[in-house]
2 protein chains.
Amino acid sequence: MTQKPSLYTSLSPALLHLYDVNNSIVVIIDVLRATSTIATALFNGARSVIPVDSVSRCIEIGKQIDGITAGERDGQIAEGLEYGNSPFEYPREFIAGKTLVLTTTNGTRLLHMALEKGSRQIITGSFPNLGAVCDYLASAGQPVILGCAAWKDRVNMEDTLFAGAVINAIGNHFDINCDSSHFAASLYARAKNDLFGFMKKNKASHYHRLMGFGLEKDIRYCLTPGGANILPVYEEGKLLVK
Amino acid sequence: MTQKPSLYTSLSPALLHLYDVNNSIVVIIDVLRATSTIATALFNGARSVIPVDSVSRCIEIGKQIDGITAGERDGQIAEGLEYGNSPFEYPREFIAGKTLVLTTTNGTRLLHMALEKGSRQIITGSFPNLGAVCDYLASAGQPVILGCAAWKDRVNMEDTLFAGAVINAIGNHFDINCDSSHFAASLYARAKNDLFGFMKKNKASHYHRLMGFGLEKDIRYCLTPGGANILPVYEEGKLLVK
């Protein structure tokens, strides 16, 4: 019997150091909304997405490469930037052929942590590109870490649910000795028939935060598989479709 | 309307710093088996339990106070100590009136972290004393942190399930803005009718580790509410019944 590769779920960036990042494909998961928006922009023809960790860096790079600058702070487009974090801001007719410079906090920070720890490869995952992520991981035959971006290191529900969705779909390709993975899968099994309702009923903090900004449409899109089914891969500072 | 106190769940010692330990009652949760054994020894009349973090310290204190020294490493009684980590080693006829000096790794480390961060009060929780913990927390009217001891900082299923059991019982006494708490409760709701079966089915790592040592009886006891329904409170280096 061939040995299956391992799969671990890191529920928070503060737990990433516990896993063998160096040897693994790391999936950056920031469901509401960074990685959903990244998948959507790339699906709609963006040339690449450059994730950056600050507004000032976003402005600087945007100028250098004539890119679209985007990012929010407290639910508003950040001062000095042009667009926000909503996937609906990046339809094909707007974003095709352009480069999106996106500043996010939790997801970008985790991506840079994975990079510093020398991960084998970094990809991004979200419900809109769940299928592409699963197909790739199942065929890659490499160890995987599902890295939840969480919220300021606090474990969150939507990223955990996405990890569970991946495990639900392709867990049998992996040797999983990781309680976080098993209970992400259990949580997803409980929630899968109505992710939006589950987030509401279980008082997910991010659900309430975004609902407070009037973003129900965003939440529903970001919890629905298949809307942007491509695979973003990180290469030399950029996320590209491979 | 009176403001309810907050309740947070820290799924790993590596996440404890995210919460306001200083202002809270911290519940140390190390279901398999440290806090179950602590509750049992105290329920059976132990004068106190002194948790220590190393075998050498256990031997040293055991000599000083003429206590029972106990602790395991890799499923065996550690060299130089007298007893192990099983709650069944501490029946009333043996432990009544004695002091147990217990070395554990994950639980003791978390307890010392909570102590250093100046927690308002430290108690220990396990299924055998679930009721006493819930009664106390519900009546105390103070902020609570449910602190899972985990396994070398990796989130584990049984400690998360215990947090969920507490929230399931008394969550309505608290203002809970914490996804970890909500999904601990969701996990528990899914598991509560057969915790042992749930641990087995979902491949909980500690379940397999202890089953490998032939400890099914321990696991079943440690997942059953009510076997040792007292409240261990930490005071000046000792856990005592209050």
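Residues numbered from 1 in each chain as written. Chains lettered and ligands numbered in written order. Predicted model: local features only at pLDDT ≥ 70, side-chain atom pairs only at ≥ 80, totals over all residues.

Brief notes about the relation of the copies chain A and chain B
Link 1 in the chain: With an RMSD of 0.0 Å, the fit of chain A onto chain B corresponds to turning through 180° and sliding 0.0 Å along the axis. Such values leave the two copies arranged in the relation of a two-fold axis.
Link 2 in the chain: A share of 100% of interface residues in chain A that are also interface residues in chain B marks the association as one of identical surfaces. (Least-squares fit on C-alpha atoms with pLDDT ≥ 70 in both. Contact = placed C-beta atoms within 7 Å.)

Comments concerning the interface of chain A and chain B
Link 1 in the chain: Every contact between the two is made by 23 residues of chain A and, on the other side, 23 residues of chain B.
Link 2 in the chain: Of all the secondary structure elements, the ones that give two or more residues to the side of chain A that touches chain B are α6 (157–170) and α7 (179–191) of chain A.
Link 3 in the chain: The element best represented in the side of chain A that touches chain B is α7(A), accounting for seven residues.
Link 4 in the chain: Of the residues assigned to the side of chain A that touches chain B, the class counts are nine nonpolar, nine polar and five charged. (Helix = DSSP H or I, 4+ residues; strand = E, 2+ residues; numbered from the N terminus. Nonpolar A, V, L, I, M, F, W, Y, C, P; charged D, E, K, R; others polar.)

So, the nonpolar core
Link 1 in the chain: In this structure, L100(A), V133(A), L100(B) and V133(B) are the most contacted members of the largest nonpolar core, which totals 177 residues.
Link 2 in the chain: In this view, V133(B) contacts V27(B), I123(B), G125(B), V166(B) and L231(B); residues no more than four positions away in its chain are not counted. (Core = buried A, V, L, I, M, F, W, Y, C linked by C-beta atoms within 7 Å. Buried ≥ 20, exposed ≤ 12 C-beta atoms within 10 Å, placed from the backbone.)

Let's talk about α7(A)
Link 1 in the chain: The end-to-end C-alpha distance of α7(A) is 18 Å, a good match for the 18 Å that 13 residues give at a rise of 1.5 Å each.
Link 2 in the chain: Of all 13 residues making up α7(A), eleven are buried, and the element is well covered by its neighbours.
Link 3 in the chain: Within the sequence span of α7(A), burial applies to D179(A), S180(A), S181(A), H182(A), F183(A), A184(A), A185(A), S186(A), L187(A), Y188(A) and A191(A).
Link 4 in the chain: At its buried positions, α7(A) is contacted by β1 (7–10), α6 and α8 (195–201) of chain A together with α6 (157–170), α7 (179–191) and α9 (205–212) of chain B. (Expected span 1.5 Å × (residues − 1).)

Some thoughts on unusual backbone geometry
Residues and elements named next belong to chain A.
Link 1 in the chain: Residue L32 is joined to R33 through a cis peptide bond whose omega torsion reads 0°.
Link 2 in the chain: Within the secondary structure layout, R33 lies in the loop between β2 (25–29) and α1 (34–43).
Link 3 in the chain: Even without a glycine there, the phi angle at D153 is positive, about 75°.
Link 4 in the chain: Within the element layout of this structure, D153 appears in the loop between β8 (144–148) and α6.

Let's talk about helix α4 (residues 106–116) of chain B
Link 1 in the chain: Within the sequence span of α4(B), burial applies to N106(B), G107(B), T108(B), L110(B), L111(B) and A114(B).
Link 2 in the chain: Once α4(B) finishes, G118(B) follows within two positions and takes phi at roughly 70°, a positive value.

Considering the pairing of strand β3 (residues 48–52) of chain B
All names here are of chain B.
Link 1 in the chain: A large share of β3 lies buried, amounting to five of its five residues.
Link 2 in the chain: Burial along β3 is two-sided: S48, I50 and V52 facing one way and V49 and P51 facing the other are all buried.
Link 3 in the chain: Pairing of β3 with strand β6 (residues 99–103) involves five bridges; the strand directions are parallel. Considered in β6, the bridge of S48 is made with T99. (Pairing = 2+ DSSP bridges.)

Remarks on the packing of α6(A) against α7(A)
Packed helices, taken two at a time, are described by the angle their axes make and the gap between the axes.
All names here are of chain A.
Link 1 in the chain: Running from amino to carboxyl end, α6 crosses α7 at an angle of 95°, the nearest separation of the two axes being 7 Å. Comparing their axes, α7 and α6 come out roughly perpendicular. Where α6 approaches α7, its residues T160, L161, A163, G164, A165, I167 and N168 are matched on the opposing element by S181, A184, A185, L187, Y188, A189 and A191.
Link 2 in the chain: Broken down by class, the residue content of the contact of α6 with α7 amounts to ten nonpolar, four polar and no charged. (Axes fitted to C-alpha atoms, helices over the stretch in contact; angles between N-to-C directions. Parallel < 35°, antiparallel > 145°, perpendicular 65-115°, else oblique.)

Thoughts on the pairing of β8(A)
Residue and element names in this part refer to chain A.
Link 1 in the chain: Counted residue by residue, β8 has five buried out of five residues, so it is predominantly covered.
Link 2 in the chain: The side-chain alternation of β8 yields two buried faces, one formed by V144, L146 and C148 and the other by I145 and G147.
Link 3 in the chain: As judged from the five bridges shared by β2 and β8, these two strands associate in the parallel manner. Following the sheet pairing, I25 is matched in β8 by V144.

Some points on the environment of R190(A)
Link 1 in the chain: Positionally, R190(A) belongs in helix α7.
Link 2 in the chain: Linking R190(A) and L161(A), residues 29 residues apart in sequence, is a C-alpha distance of 9.8 Å.
Link 3 in the chain: Each residue touching R190(A), except ones within four places of it in the same chain, is listed here: S186(B) and R190(B).

A closer look at the environment of T40(B)
Residues and elements named next belong to chain B.
Link 1 in the chain: By the element assignment, T40 lies in helix α1 (residues 34–43).
Link 2 in the chain: A residue is classified by how many C-beta atoms lie within 10 Å of it, and T40, with 28 of them, is buried.
Link 3 in the chain: Counting along the chain gives 105 residues from T40 to I145, while the straight-line C-alpha distance between them is 23 Å.
Link 4 in the chain: Residues contacting T40, with those up to four places away along its chain left out, are P87, Y90, P128, G227 and A228.

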